[in-house]
Amino acid sequence: MAVRHLSAAILLISFCSSRCIAQDEQRFTLKGTIVTPSQVLSDGAISILGSQIEGVRATVAGVQGSIVETDSFIFPGLIDLHDHITWNLLPRWRPNQLFMNRYEWQQKAAYSIALDQPHYSISADHELACDADRFGEIKAIVGGATSVVGGLAPTSGSNDNACILGLTRNLDIYAGFPDSVLNKEKVWYVIFPLEMSLAATVAVRSGLDSGAVKALLVHAGEGKPTDAAAAREFAMLAKNGDGFLRPGVSVIHGVAFNAADFKRMAKAGVGLIWSPRSNIELYGGTTDVLSAKASGVKIALAPDWSPTGSDGMIEELKYASTWNAAQYPPVFENGELVNMATIFPAQLAGADKQIGSLAKGMYADLLLIRRNVTDANRALLYASPADVRLVVIGGVPIYGDADLMDRLLPQRELERLTVCGVSKKLYIKPQPGIPETAKTFKQISGELQSKLSEWGTSLAELAPCDGSNLK
Ligand SMILES: [Zn+2]
């Protein structure tokens, strides 16, 4: 970060250490079919005051103030516990081969040219890195997410990633909860746990024991289901007296883990974050979720990243639902798949008192899906990005169909986007003192495209529109 921005950013961070995500104290009520997700209220109403849910009712009777008919299913905003947000501007990578494990593809020249070098060139420039994070967060929102992990990390332990403030919740960097402090969140997201120092391992364990760390999300066991190197990573989790086998830990991938491993994970209260599409595209197989579920492991679903995984949560839900329907018998019921994108990830992140369900006092993080089928779960599981009617984060409508956005934010400057041929509107609220957050989506896209063209590649789409990128 340029020096002239630093003092302003520090001021802002101390000023908004409680609520940077939503300060608009407006009150409104949305009418629609509410999926809490433990119950469905077919003609319900959800009232929002400021950043929180004021009430969830079975009817609009007795509701004061403005009521907006949404003709939508109203779900909790989706929670993405496994992503690499700044990579999602890159187009889909089709290596035309399957790999044994992640160490194999990361050594390939084709990976370096298509993904690693362009990503590095963008990450090395502060302003472009902020643009990349914004693009990735907007893409996540277009795909139905209101919370993510794996956004722009600070490069030097400082606050030079303050440009992440104000759009999605970044559960591992800045969640926007009252006790949130930039880069000091209680959710730890670790991509290479094997490289963690012994001191860091000890710190995590004592943090989980004391409650200073709420969750540790670690990549492990990523490779073919039969890959021995990936399978050995279970031993890493279990070493030092079951070091990482404890409540609060969740394994990302676990593709090479077996039924006995899942039994130990369940017994220790360890969760699983499943990313089937990326697994199947890279390795030709995915996690034994049947055994994981049978053992009692809590499972969340997440896209991983868009180069080999899904472009967002609703696309990953569609992929997982299609995979599930092809199993005999299916592993999951539809309601479980919805839980795996809402309440279960909230629980695994230690944030289920704030997000992941719709009830009085929870943060108003909402996803509205067009009501074009009768079954609520099916509407979400098989939604297209065009069906996203509205996304609300911390009580603020951020993105959605033009009719709802114009009605809810009549005085605000909204940017028009076209997603899958449907006109949508986006509201980016700039954060004072952080000029990177004032850019329009069009500006961000233009700057990123210009850099990517130096590498002979192009900016990814925000969302797939006809399912054509699904194999
Ligand atoms: Zn990952």
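Structural data are supplied above this passage.
Below you will find a few notes about this structure. (Residues numbered from 1 in each chain as written. Predicted model: local features only at pLDDT ≥ 70, side-chain atom pairs only at ≥ 80, totals over all residues. Heavy atoms only, no water.)

Next up on the list: the overall build of the protein. A tally of regular secondary structure across the protein gives 15 helices and 17 strands. A globule of 471 residues ought to have a C-alpha radius of gyration of about 23 Å, and the protein, at 21 Å, matches this closely. Seen through its principal axes, the protein has C-alpha atoms that stretch 60 × 55 × 45 Å. Long-range contacts, defined as pairs at least 24 residues apart, comprise 68% of the intrachain contacts of the protein with a sequence gap of at least 6. Looking at the protein as shown, the accessible area adds up to about 17800 Å², and 54% of this sits on carbon and sulfur atoms. Both charge centroids of the protein, one from 43 positive and one from 48 negative side chains, sit 3 Å from each other. (Helix = DSSP H or I, 4+ residues; strand = E, 2+ residues; numbered from the N terminus. Rg over C-alpha atoms; globule rule 2.2 N^0.38 Å. Contact = heavy atoms within 4.5 Å. Areas by Shrake-Rupley, 256 points an atom, 1.4 Å probe, with all protein chains shown as cover. Lys, Arg positive; Asp, Glu negative; His and termini not counted. Charge placed at Lys NZ, Arg CZ, Asp CG, Glu CD.)

All right, on to the coordination of the zinc ion then. Bound to the zinc ion on the protein side are H82 (NE2), H84 (NE2) and H219 (NE2), at distances that span 2.1 Å. Between consecutive donors of the zinc ion, the numbers of intervening residues give the motif H-x1-H-x134-H. Taken as a pair, H82 in the loop between β5 (78–80) and α2 (102–105) and H219 in strand β9 (residues 215–220) lie far apart in primary sequence, 137 residues in all. For H82, a relative accessible area of 0% gives the class buried. (Donors = N, O, S within 2.8 Å, 3.2 Å for Na, K, Ca; no water. Buried < 20%, exposed > 50% of the residue type's maximum accessible area, 1.4 Å probe, protein only.)

Turning to the state of the cysteines, a few remarks are in order. Tallied over the full model, the rule gives one disulfide. The partner cysteine of C130 in its disulfide is C163, sulfur to sulfur 2.1 Å. With the S-S bond torsion at -85 degrees, the cross-link from C130 to C163 turns out left-handed. Remark: C163 occurs in the loop between β6 (145–148) and β7 (169–170) and C130 occurs in helix α4 (residues 126–142); sequence separation between them is 33 residues. Both residues of the pair, C130 and C163, belong to the buried class. (Disulfide = S-S within 2.5 Å.)

L30, L237, M265 and Y399 are the most contacted members of the largest nonpolar core, which has 112 residues in total. The biggest single contributor to this core is α4, with seven residues. Beyond its immediate sequence surroundings of up to four residues, M265 is in contact with F234, L245, V251, F257, V270, G271, L272 and V297. Listed in part, the 20 residues of the second largest apolar core include L81, F177, I252 and A346. (Core = buried A, V, L, I, M, F, W, Y, C linked by side-chain atoms within 4.5 Å.)

Here helix α3 (residues 109–123) crosses helix α15 (residues 441–454) at 130 degrees, and the two axes come no closer than 10 Å. Overall, the two elements α3 and α15 adopt an arrangement that is oblique. Note on packing geometry: the crossing formed by α3 with α15 is right-handed. Residue-level inspection shows P118, S121 and I122 of α3 in contact with α15, the latter providing L448, K451 and L452. The residue makeup of the contact of α3 with α15, split by class, is four nonpolar, one polar and one charged. (Axes fitted to C-alpha atoms, helices over the stretch in contact; angles between N-to-C directions. Parallel < 35°, antiparallel > 145°, perpendicular 65-115°, else oblique. Left-handed = near helix turned anticlockwise from the far one by under 90°. Nonpolar A, V, L, I, M, F, W, Y, C, P; charged D, E, K, R; others polar.)

Turning our eyes to something else, we now look at the packing of α4 against α15. Geometrically, a packed helix pair is captured by the angle between its two axes and the distance between the axes. Where α4 contacts α15, the axes come no closer than 9 Å and their chain directions differ by 120 degrees. Judged on the interaxial angle alone, α15 and α4 are oblique. Pair α4 / α15 crosses with left-handed handedness. Contacts from E127, L128, D131, A132, R134, F135 and I138 of α4 reach α15 at F441, I444, S445, E447, L448 and K451. When the residues that make up the contact of α4 with α15 are grouped by side-chain class, the tally is seven nonpolar, one polar and five charged.

Here we come to the pairing of strand β2 (residues 40–49). Looking along a regular strand, one sees side chains alternate from face to face of the sheet. The sheet contact formed by strand β1 (residues 27–35) and β2 spans eight bridges and is antiparallel. Across the sheet, residue K31 finds its bridge partner in β2, namely A45. Between the end of β1 and the start of β2, which pair antiparallel, lie four residues. Pairing analysis gives five bridges linking β2 to strand β3 (residues 52–57), with the strands arranged antiparallel. Bridge pairing in β3 links S47 to G55. (Pairing = 2+ DSSP bridges.)

Pairing in this open sheet of nine strands is mixed, and the strands run β3-β2-β1-β4-β13-β14-β15-β17-β16 from one edge to the other. Where the open sheet ends on each side, the last strands, each with one partner, are β3 and β16 (415–419). When the angles between neighbouring strand axes are averaged without regard to direction, this sheet yields 30 degrees. Note: strand β15 (residues 396–401) against strand β17 (residues 422–426), three bridges, orientation antiparallel. Paired with Y399 across the two strands is L426, which belongs to β17.

This part takes up the layout of surface pockets. Quantified by volume, the largest pocket comes out at close to 1100 Å³. Along the wall of the largest pocket there are 44 residues; nearest its centre are H84, W87, G151, A153 and I191. Of all the elements, α3 adds the most residues to the lining of the largest pocket, at five residues. Among the residues forming the lining of the largest pocket, the class breakdown is 21 nonpolar, 14 polar and nine charged. (1 Å grid on protein atoms, 1.4 Å probe; cavity = no way out; pocket = protein on both sides within 12 Å on 5 of 7 lines; lining within 4 Å. Points joined across faces, edges and corners; volume = space filled by probe spheres on them.)

In this section: the pattern of salt bridges. Summed over the entire model, instances satisfying the criterion amount to 25 salt bridges. Of the charged contacts, one joins D71 and R371 as a salt bridge, the two residues approaching to 3.1 Å between their closest N and O atoms. Here D71 is found in strand β4 (residues 67–76), whereas its partner R371 is found in the loop between β13 (366–370) and α13 (376–381), with 300 residues between them in sequence. The exposure class of R371 is partly exposed, given its relative accessible area of 27%. Its salt-bridge partner being R92, residue E281 comes within 2.9 Å of it at the nearest N-O pair. Of the two residues, E281 sits in helix α8 (residues 276–283) while R92 sits in the loop between β5 and α2, which places them 189 residues apart along the sequence. R92 matches E281 in its accessibility class, with the two residues each being buried. (Salt bridge = Lys/Arg side-chain N within 4 Å of Asp/Glu carboxyl O.)

Here we come to the side chain of D133. Within the secondary structure, D133 sits in helix α4. Those residues in contact with D133 that lie beyond four places of it in its chain are I85, T86, G151, L152 and I164.

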